[in-house]
Amino acid sequence: MLQDVTKKRKTEIEVINGAIVKEGVQLGISTPVNKVLYNLVRVREKTYDEVNI
């Protein structure tokens, strides 16, 4: 996943952590760490073209 991010490619975050978060919601189980990781990577993907400071 780090290689994808450094090369500004779409990661597999949806398939890995996104699936865990989705399954947790369906089962009523909290998955806070997976949710945070999912959201952080998704934000990074959405901001690939922005200037880094």
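Notes on the structure follow. Worth saying up front: this structure is predicted, and the values here are computed from it rather than measured. (Residues numbered from 1 in each chain as written. Predicted model: local features only at pLDDT ≥ 70, side-chain atom pairs only at ≥ 80, totals over all residues. Heavy atoms only, no water.)

### Some words on unusual backbone geometry
In this structure, Lys8 takes a positive phi of about 55° despite not being glycine. Turning to its location among the elements, Lys8 is positioned in the loop between α1 (2–6) and α2 (13–27). (Helix = DSSP H or I, 4+ residues; strand = E, 2+ residues; numbered from the N terminus.)

### Digging into helix α3 (residues 32–46)
For α3, which comprises 15 residues, the first-to-last C-alpha distance of 21 Å matches the rise-based estimate of 21 Å (1.5 Å per residue) to within 8%. Taken residue by residue, α3 has Asn34, Tyr38, Val41 and Glu45 as its buried positions. Down the axis, α3 shows its buried residues gathered within 75° of arc, on one side only. Structural note: α3 exposes Val33, Leu40 and Lys46 on the side pointing more than 90 degrees away from its buried face. In this structure, the buried side of α3 is in contact with α2. (Expected span 1.5 Å × (residues − 1). Buried < 20%, exposed > 50% of the residue type's maximum accessible area, 1.4 Å probe, protein only. Arc of directions from axis to C-beta. Contact = heavy atoms within 4.5 Å.)

Don't take any of this as a statement about function, it's just geometry.
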